[in-house]
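Residue-level structure breakdown
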Amino acid sequence: MALARICARRSGALRYDRARSAVSPFTMGAIVRTDRTNERDGRRGRNAGRPPGVADRMSTFGIIGAGNIGSQVARVVIAQGHEVVIANSRGPETLAGLVEELGPRARAATAQEAAEAADVAVVSVPLKAYRDIPVEPLAGKIVLDTNNYYWERDGHVEALDRGEATTAGLLQEHLPTSKVVKAFNQIVAASITTDGTPAGTEDRRALATASDYPEAVELVTRIYDEAGFDTVSAGPLSESWRFERDRPAYVSRQNAEELRENLTKAQRVL
């Protein structure tokens, strides 16, 4: 399935209000909602446009980080018809088995090469390694950030401990010319390819996202939908802490209404 379909298809798409992109949806009452009538019949809401910077063709996802989440996202986007260039910290030769499993649409590379090849990038490395992500090759590109903060692994980051920063915000600061969007961080890796259900399914599982760029939220919304999930936007990256580790929205299975409620319950400092 070409990326044009993901980026142009409004069936199952969730509207994102540009005017609210810099304001918390919890103060504005905003929530990204699925139009289930459109999902079922597909007769309305199609849009021929696409987010800037996303190619109107089968696209290449540069996945930097080949661990549990990164490899699962690779499976998702390959199933959606895209190609994957995947990298880890140990070198392309260590990914031979994974690439063989993923099939002919995947190849292994260095992080630099994956970033250069990417139409869309996915960063799925331990948070402590986020400064190693190549900057210039990702300029102007949408970057999905799946990272979570585990101080036991990453060491303490005072700005996160004090509730003054978010994990995705740190990556955005490192990639100032990219369009960072939080995605796939609040779900157990194995569930990414097993919990999805068709659009319109009752009690469909929902996942959260957040970005300062509406086009990035739109893209993630469509990737989620193709993978079998509804979407709730928490707003800009500054609100992405609401579905980070140990908050009510983290990991547990929830539908869109439950996820919205759990986002409102989140406490900034744990």
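Structure's up top.
Read on for a plain summary of the structure. Bear in mind the structure is a predicted one, so any value in this text is a computation, not a measurement. Here the residue numbering is sequential within each chain, running from 1 through the sequence in written order. Local features in this predicted model are restricted to residues whose pLDDT is 70 or higher, and side-chain atom pairs enter the listing and the counts only when it is 80 or higher, whereas totals over whole chains, interfaces and linings include all residues. With hydrogens and water set aside, each side-chain value is computed from the structure's full complement of heavy atoms.

Section: the sheet that holds strand E3 (residues 106–108)
Strands are labelled as partners when DSSP assigns at least two bridges between them. Helix and strand labels come from DSSP, where a helix needs a run of H or I of at least four residues and a strand needs a run of E of at least two; each type is numbered from the N terminus. Pairing within the open sheet is mixed, and its 8 strands lie in the order E3-E2-E1-E4-E5-E6-E7-E8. Of all strands in the sheet, those bounded by a partner on one side alone are E3 and strand E8 (230–233). Averaged over all neighbouring strand pairs, the angle between strand axes comes to 25°, with direction disregarded. Relative to strand E2 (residues 83–87), strand E1 (residues 60–64) is paired through 5 bridges, and the arrangement is parallel. Each residue of the ladder has a partner; that of phenylalanine 61, found in E2, is valine 84. Sheet strands in contact with helix H9 (residues 167–174) are strand E4 (120–123), strand E5 (142–145) and strand E6 (179–182), and its direction is about 165° off that of E6. By the convention used here, residues are in contact when the closest approach between their heavy atoms is within 4.5 Å. For helices, the fitted axis covers only the stretch in contact; all axes are lines through C-alpha atoms, and the angles between them, taken along N-to-C directions, range from 0 to 180 degrees. Of the strands in this sheet, strand E7 (206–211) and E8 are in contact with helix H11 (residues 256–265), which crosses E7 at around 50°.

A look at helix H10 (residues 214–227)
In this analysis, the expected span of each helix is defined as 1.5 Å times one less than the number of residues it contains. Taking 1.5 Å per residue as the helical rise, H10 with its 14 residues ought to reach 20 Å, and the 20 Å between its terminal C-alpha atoms agrees with that figure. Accessible area is worked out with a 1.4 Å probe on protein chains only. A residue is then buried under 20% of its type maximum, exposed over 50%, and partly exposed in between. Among the 14 residues that make up H10, 13 are buried, leaving the element largely enclosed by the rest of the structure. Following H10 by one or two positions, glycine 228 adopts a phi angle in the positive range, close to 105°.

Quick look at the pattern of salt bridges
Should their charged atoms come close, side chains of opposite charge can pair. For this analysis, a salt bridge means a side-chain nitrogen from Lys or Arg found within 4 Å of a carboxyl oxygen belonging to Asp or Glu. A full pass over the atoms with the stated rule returns 16 salt bridges. Here lysine 179 makes a salt bridge to glutamate 215, at a shortest N to O gap of 3.0 Å. With lysine 179 in strand E6 and glutamate 215 in helix H10, this pair connects stretches of sequence that are 36 residues apart. For the salt bridge of arginine 204 with aspartate 230, the shortest nitrogen-to-oxygen distance reads 2.8 Å. Here the residue arginine 204 occupies a position in the loop between E6 and E7, and aspartate 230 occupies one in strand E8, the gap between them amounting to 26 residues. Put simply, Glu152, Arg245 and Asp246 are held in one network by salt bridges that share partners.

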